[in-house]
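As a plain string of letters, each chain reads:
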Amino acid sequence: MRFRAGELAALLATILLTYSLAPMAPVAADTNLCKPSGQDGAIALPSKLATANRPRDKYTTDDVEPLNSVNLDALGLRTPRTLTVGTQPGGPPTSCLNSAGRYTGYDNELLRAIAAKLGLQVVFAGTEFSSLLAQVATGRFDVASSSIMATEARRRTVGFTNGYDFGYLSLIVPSGSPVDTFEELAPGQRIGVVQGTVEEAYVIDALHLQPVKFPDFTTVYASVKNHQIDAWVAPAMEAASVLRPGDTAAVAAYTFGLGNYVAYAVAKDNQPLIDALNAGLDAVIADGTWAQLYTDWVPRTPPPGWKPGSKSALTPHLPDFAAIAERHHRAVDKIPPPKSVLTQLRDSFFDWELYKQSIPAMVTTGLPNTLILTISSGLIGLTLGIALAVAGISRARGLRWPARIYTDIFRGLPEVVIILLIGLGIGPIVGGLTNNNPYPLGIAALGLTAAAYIGEIFRSGIQSVDSGQLEASRALGLSYRTAMRLVVIPQGIRRVLPALVNQFIALLKASALVYFLGLIAGQRELFQVGRDLNAQTGSLSPLVAAGMFYLILTIPLTHLVNFVDNRLRHGRPAVEPADPFATSQEIT
Amino acid sequence: MTESQSVSLAGKGIHLSFGRNAVLRGVDIEVPAGKTVAVIGPSGSGKSTLLRTLNRLHEPDRGDILLDGRSVLTDDPNNVRQRIGMVFQHFNLFPHLSVLTNVMLAPRTLNRLSADAARDLALAQLDRVGMKHKAGSRPGALSGGQQQRVAIARALAMAPQVMLFDEATSALDPELVKGILALIADLGAEGMTMLVVTHEMGFARSTSDSVVFMDHGQVVETGPPTQIFEAAETERLQRFLSQVL
């Protein structure tokens with residue numbers, strides 16, 4: 001199955017969106033993480049790790065078929081006898097691209113060993129995590145290898161092998177917070193998560209709480225540090241990489257999240273391939289390869305009761321990592337847990353079940369919020385924009401310059417930057433006023449940006465009115481103010497109506513950007529509603545549904561622009577010398 | 001022109017510079033009540049600037065402006081302009097308003113007339129210029145000649161004591177010029193005091209009571225049309241006339 005152009009474009013758009021903040025991602029301290037650390041890098045299990053609420057494992061197979069009974073021609077591979085593997089290369093030490101250009105890391109090296117046992121070739125391709133599961137589901141890849149936690153939600157999209165690794169979550173709280181365990185989290189607290197991750201699913205499904213969703217680790221961590229949120233449920237490894245000594249936040253507790261293990265994802269209907277990989281996994285466990293790779297790449301104490309492979313796989317013999325770590329005085333919380341899990345996409349744009357799920361939420365939550373955001377920020381932009389235009393054409397330097405500087409700044413910065421700066425920068429200062437609610441700040445940021453554009457639209461409109469209009473009004477004896485009010489400004493505004501409607505459309509679309517500030521369920525606008533369901537299911541259908549709502553709003557406006565434009569253009573021709581047809585009447 | 005005639009509008013020694021460019025260099029001009037004074041001269045001689053200075057759209061650097069013999073330089077310029085009507089080369093009608101509203105706007109706003117009174121006044125002025133039938137149209141739907149007629153009605157509606165015409169026919173197609181000139185001549189015959197900047201030498205000769213020839217920001221010659229056109233004294237006027245006639 002191949003991707004159509006439209007699907008690729010949509011995927012690309014989603015990827016770009018998801019990773020637009022990638023440069024803000026924390027920079028790892030060690031620049032060359034894509035190499036095995038060996039057992040000297042060993043880490044013990046954190047003492048604060050809660051194991052009580054681990055979900056019951058109902059998926060690990062009791063047994064595997066014998067290796068020699070695997071029919072290599074019945075595995076449904078894209079290329080016969082070759083495993084085409086998708087991996088996210090940005091996640092050392094589990095999956096990464098080394099300096100020699102080899103897709104390596106624990107997950108990938110283990111998969112190579114399994115493939116070798118089965119007698120299969122392996123071809124790797126790097127991709128973004130958000131599209132990885134979708135590409136496995138659609139057959140772009142045979143296998144996804146990227147420290148993927150096998151959760152219930154993901155099992156709706158893809159199938160999983162038996163586990164070969166594990167992962168757990170950490171609870172990060174601001175300094176001085178009384179919260180010390182996951183059990184103390186309660187409704188009313190603002191609990192941050194990165195959207196589309198297993199942490200988000202954990203807070204909703206296991207803790208039964210509504211989290212505040214953030215697009216990336218940096219934003220959510222900044223919010224913890226400045227007390228904008230009460231806690232952050234984070235994957236332990238990412239948390240360890242962004243936490244710095246002396247920060248105003250700390251790890252309060254560890255827990256196991258949803259899912260029991262990390263596994264390879266395979267197309268859901270391809271049971272023969274799952275069975276074959278399970279057989280290969282048990283084989284590399286049996287011959288000690290698993291233990292060797294585990295020790296080389298991710299040497300850390302496995303949680304009690306956990307072992308890789310099927311239930312009948314041999315229990316691997318591992319060195320005493322806790323003792324080694326003790327010798328090296330390693331921090332217990334430096335354990336590399338599973339990588340951040342972002343949006344999952346399925347190739348299907350038309351999952352009617354998901355349409356039925358998403359449309360009611362869009363009508364009751366998304367649409368009103370989008371309209372509230374757009375209209376309130378539009379009113380702010382209109383009011384402030386008129387003021388800016390009047391100041392901008394004023395003869396007083398003290399008015400003209402501030403207006404000019406304001407316009408230059410707010411028009412010159414990306415809207416996302418303004419939203420983040422106002423939401424995260426001003427947020428803590430006015431926290432008491434807004435009750436730490438980012439919604440008004442989002443409206444303010446959108447409105448302030450729109451004002452810069454609307455001000456320029458008005459200014460150019462007013463200035464485009466022929467100077468003869470002002471001269472003629474003044475010659476009649478009208479004062480400057482009256483002439484502007486009755487003659488010049490009405491013409492200027494008429495002239496810019498199409499541009500204003502366009503600006504309103506731009507604002508409508510920009511309202512989706514408030515999701516960068518982290519919104520609770522009831523505040524989500526159209527895009528966020530679609531994106532949430534998209535992130536939960538990996539299907540693009542909810543985003544398509546959101547897109548249709550935007551079109552329902554914007555297309556009539558676009559046509560309104562054309563209508564107004566047309567009327568202004570042809571309904572009222574400009575002042576011109578007489579046309580030949582009018583002359584006979586004139587001469588009489 | 002005799003001393004016994006009262007002078008309606010006068011400029012005395014008017015100087016005006018735009019930056020380093022001296023546009024008016026000591027202009028003296030008088031418009032006697034009930035008379036038509038034509039201003040002729042080459043492009044850039046300062047004719048249009050003179051009109052805009054007399055109604056204080058430009059403020060003179062030096063000199064004085066008198067209305068009925070009294071200096072109005074210290075008056076509210078808006079009040080001065082209400083007493084001086086002006087008609088522009090490019091009509092400058094308000095395109096977003098109907099013909100009727102164009103004419104009503106100033107009386108309604110400045111003289112605080114009721115809507116009905118202002119409408120009656122506007123319709124009367126439109127009738128005077130032969131444009132009553134187009135009262136409901138937008139300026140954009142009219143020919144240039146029709147627009148200029150409305151512009152004249154708009155100025156007349158404020159009942160000014162002097163009318164200034166700034167090349168009122170220059171933007172019109174040739175076949176429309178005659179009608180507008182006839183209208184202006186009619187106004188003069190009715191006793192309107194007018195200062196007319198024009199390139200139409202035939203009009204200046206046949207209709208005006210006095211002709212002012214300007215060049216390089218100065219009045220070079222003034223006199224009755226017959227003197228100006230048939231017995232030009234200065235070489236500059238002779239050269240100008242030889243070029244335009």
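Residues numbered from 1 in each chain as written. Chains lettered and ligands numbered in written order. Predicted model: local features only at pLDDT ≥ 70, side-chain atom pairs only at ≥ 80, totals over all residues.

1. A short note on the overall build of chain B
Using the following cut-off: By definition, any uninterrupted DSSP run of H or I lasting at least four residues is a helix, any uninterrupted run of E lasting at least two residues is a strand, and each is numbered from the N terminus. Every C-beta atom is placed from the backbone, and the number of other C-beta atoms within 10 Å of a residue's own sets its class: buried at 20 or more, exposed at 12 or fewer, partly exposed in between. Contact between residues is assigned whenever the C-beta positions, reconstructed from backbone atoms, fall within 7 Å.
The number of helices and strands found in chain B is nine helices and ten strands. Here chain B, with 245 residues, has 49% of them falling under the buried criterion. Within chain B, contacts between residues at least 6 apart in sequence are counted, and of these 65% link residues at least 24 apart.

2. Observations regarding the overall build of chain A
Helix and strand counts for chain A come out as 20 helices and 14 strands. Evaluated residue by residue, chain A yields a buried proportion of 49% over its 588 residues. In chain A, 80% of the contacts between residues at least 6 apart in sequence involve partners at least 24 apart.

3. Some remarks on the interface of chain A and chain B
Our working definition: Only Asp, Glu, Lys and Arg are considered charged, only Ala, Val, Leu, Ile, Met, Phe, Trp, Tyr, Cys and Pro nonpolar, and every remaining residue, Gly among them, polar.
Taken together, the contact pairs 27 residues of chain A with 33 residues of chain B. For the side of chain A that touches chain B, the secondary-structure elements that each account for two or more residues are α16 (467-475), α17 (480-510) and α20 (583-587) of chain A. Considered class by class, the residues forming the side of chain A that touches chain B number 14 nonpolar, seven polar and six charged.

4. Section: the confidence of the model for chain B
The test is simple: On a scale of 0 to 100, pLDDT captures the predictor's confidence in every residue.
In this model, chain B carries an average pLDDT of 93, and 98% of its residues clear a pLDDT of 70 or more. Complex prediction metrics read pTM 0.58 and ipTM 0.92.

5. Comments concerning the packing of helix α15 (residues 438-464) of chain A against α17 of chain A
All names here are of chain A. Put simply, the test is: Angular values range over 0 to 180 degrees, each being the angle between N-to-C directions of two axes fitted as lines to C-alpha atoms, with helices fitted over their stretch in contact. Convention used here: angles under 35 degrees read as roughly parallel, angles over 145 as roughly antiparallel, angles from 65 to 115 as roughly perpendicular, and any remaining angle as oblique. Helix crossings get a hand from a simple test, with the near helix turned counterclockwise from the far one by less than a right angle marking a left-handed crossing and a clockwise turn marking a right-handed one.
At a minimum axis separation of 8 Å, α15 and α17 run at an interaxial angle of 155 degrees. Viewed along their axes, α15 and α17 adopt a mutual orientation that is roughly antiparallel. In the packing of α15 onto α17, the handedness of the crossing is right-handed. Residue-level inspection shows Leu-446, Ala-450, Tyr-453, Ile-454, Ile-457, Phe-458, Gly-461, Ile-462 and Ser-464 of α15 in contact with α17, the latter providing Val-488, Ile-489, Gly-492, Ile-493, Arg-495, Val-496, Ala-499, Leu-500, Gln-503, Leu-507 and Ala-510. Here the residues of the contact of α15 with α17 sort into 15 nonpolar, four polar and one charged.

6. Here we look at helix α4 (residues 115-128) of chain B
Count 3.6 residues to each turn of an α-helix, and residues three or four apart come out pointing the same way. Residues and elements named next belong to chain B. Formally: To estimate how far a helix should reach, multiply one less than its number of residues by 1.5 Å. Throughout, the arc means that of the directions going from the helix axis to the C-beta atoms.
The end-to-end C-alpha distance of α4, which contains 14 residues, comes to 20 Å, matching closely the 20 Å that a straight helix rising 1.5 Å per residue would cover. All of the buried residues along α4 are Ala-118, Leu-121, Ala-122, Gln-125 and Leu-126. For α4, the buried positions fall inside an angular range of 135 degrees around the axis, keeping them on one side. The secondary structure elements touched by the buried residues of α4 are α3 (99-110) and α5 (144-156). Count one or two residues on from α4 and you reach Gly-130, which has phi positive near 75 degrees.

7. A closer look at the environment of Leu-273 of chain A
All names here are of chain A. In this fold, Leu-273 is placed in helix α8 (residues 271-286). Considered as a pair, Leu-273 and Ala-74 are 199 residues apart in the sequence and their alpha carbons are 8.2 Å apart. Each residue touching Leu-273, except ones within four places of it in the same chain, is listed here: Leu-75, Gly-76, Asp-142 and Val-266.

8. What to know about the pairing of strand β12 (residues 231-235) of chain A
Residues and elements named next belong to chain A. Note the threshold: In this analysis, strands are considered paired if DSSP registers two or more bridges between them.
The buried fraction of β12 is high, at five of five residues. Alternating residues of β12 divide into Ala-231, Val-233 and Pro-235 and Trp-232 and Ala-234, and every residue in both groups is buried. Judged from the four bridges that link them, strand β9 (residues 169-174) and β12 form a sheet pairing that is antiparallel. Along β12, the bridge assignment pairs Leu-169 with Pro-235. The pairing of strand β10 (residues 191-194) with β12 spans two bridges and is classified as parallel. By the bridge assignment for β12, Gly-192 is matched with Trp-232.

9. Here's the deal with the sheet that holds strand β10 (residues 218-223) of chain B
All names here are of chain B. Spatial strand order, β6-β7-β8-β3-β9-β10: six strands in an open sheet with mixed pairing. Looking at which strands have only one partner, the edges of the open sheet turn out to be β6 (84-87) and β10. Adjacent strand axes in the sheet meet at a mean angle of 20 degrees, parallel and antiparallel pairs treated alike. Of the strand pairs in this sheet, β6 and strand β7 (residues 162-166) are connected by four bridges, and their pairing is parallel. Following the sheet pairing, Val-87 is matched in β7 by Phe-165. Relative to the sheet, α5 contacts β6 and β7, its axis offset from that of β6 by approximately 170 degrees.

10. Topic: the nonpolar core
Note on soluble globular proteins: their nonpolar side chains tend to be buried together. Selection criterion: Here, a nonpolar core denotes buried Ala, Val, Leu, Ile, Met, Phe, Trp, Tyr and Cys residues that are linked to one another through C-beta atoms within 7 Å.
Within the largest apolar cluster, 127 residues are counted, with the highest numbers of intra-cluster contacts made by Val-39, Val-87, Val-103, Ala-153, Leu-164, Phe-165 and Leu-195 of chain B. Ranked by the residues each element gives to this core, the list is headed by α15 of chain A, at 14 residues. Dropping the residues within four chain positions of it, Val-87 of chain B is found in contact with Ala-151, Ile-152, Ala-155, Met-163, Phe-165, Asp-166 and Ala-168 of chain B. Listed in part, the 86 residues of the second largest apolar core include Tyr-106, Leu-133, Ala-144 and Tyr-261 of chain A.

11. Quick notes on unusual backbone geometry
All names here are of chain B. One non-glycine residue with positive phi stands out, namely Arg-56, at about 65 degrees. For Arg-56, the position within the fold is in the loop between α1 (47-54) and β4 (62-67). A positive phi is found at Asp-68, a non-glycine position, where the angle reads about 55 degrees. Its location among the elements puts Asp-68 in the loop between β4 and β5 (70-71). Judged by the 14 C-beta atoms lying within 10 Å of it, Asp-68 is partly exposed.

12. Section: the sheet that holds β5 of chain B
All names here are of chain B. In spatial order, the strands read β2-β1-β4-β5; together these four strands make up an open sheet with antiparallel pairing. Both edges of this open sheet fall to β2 (21-32) and β5, since each of them pairs with a single strand only. Judged from the two bridges that link them, β4 and β5 form a sheet pairing that is antiparallel. Residue Leu-67 lies in a different strand from β5, and its bridge partner there is Arg-70.

13. Quick notes on the environment of Ile-324 of chain A
Residues and elements named next belong to chain A. By the secondary structure assignment, Ile-324 is in helix α10 (residues 321-328). Counting along the chain gives 282 residues from Ile-324 to Ala-42, while the straight-line C-alpha distance between them is 6.2 Å. Residues contacting Ile-324, with those up to four places away along its chain left out, are Gln-39, Ala-42 and Pro-319.

14. Considerations on helix α5 (residues 198-206) of chain A
All names here are of chain A. Residues Val-198, Glu-199, Glu-200, Ala-201, Tyr-202 and Val-203 constitute the buried set of α5. Against β7 (143-149), α4 (152-155), β9, β10, β11 (212-214) and β12 lie the buried residues of α5. After α5 finishes, the residue His-208 shows a positive phi value of roughly 55 degrees.

15. Observations concerning the packing of helix α11 (residues 352-392) of chain A against α15 of chain A
Residues and elements named next belong to chain A. Close contact between α11 and α15 brings their axes to 6 Å; oriented N to C, the two are set at 40 degrees. Taken together, the axis directions place α11 and α15 in an arrangement best described as oblique. The handedness of the crossing between α11 and α15 is right-handed. Broken down by class, the residue content of the contact of α11 with α15 amounts to 14 nonpolar, nine polar and one charged.

16. Re the pairing of strand β13 (residues 249-255) of chain A
All names here are of chain A. For β13, the buried fraction is high: five of the seven residues fall into the buried class. In terms of strand pairing, β9 meets β13 through six bridges, oriented antiparallel. Bridging from a neighbouring strand, Ser-170 pairs with Tyr-254 of β13.

17. So, the confidence of the model for chain A
All names here are of chain A. The predicted model of chain A has a mean per-residue pLDDT of 79, with 77% of residues at 70 or higher. Low confidence marks residues 11-31, where pLDDT is under 50. Its contacts with residues over four positions away, or in another chain, come to 25 contacts. A low-confidence stretch, residues 572-588 (pLDDT under 50), is modelled with 35 contacts involving residues beyond four sequence positions or located in other chains.

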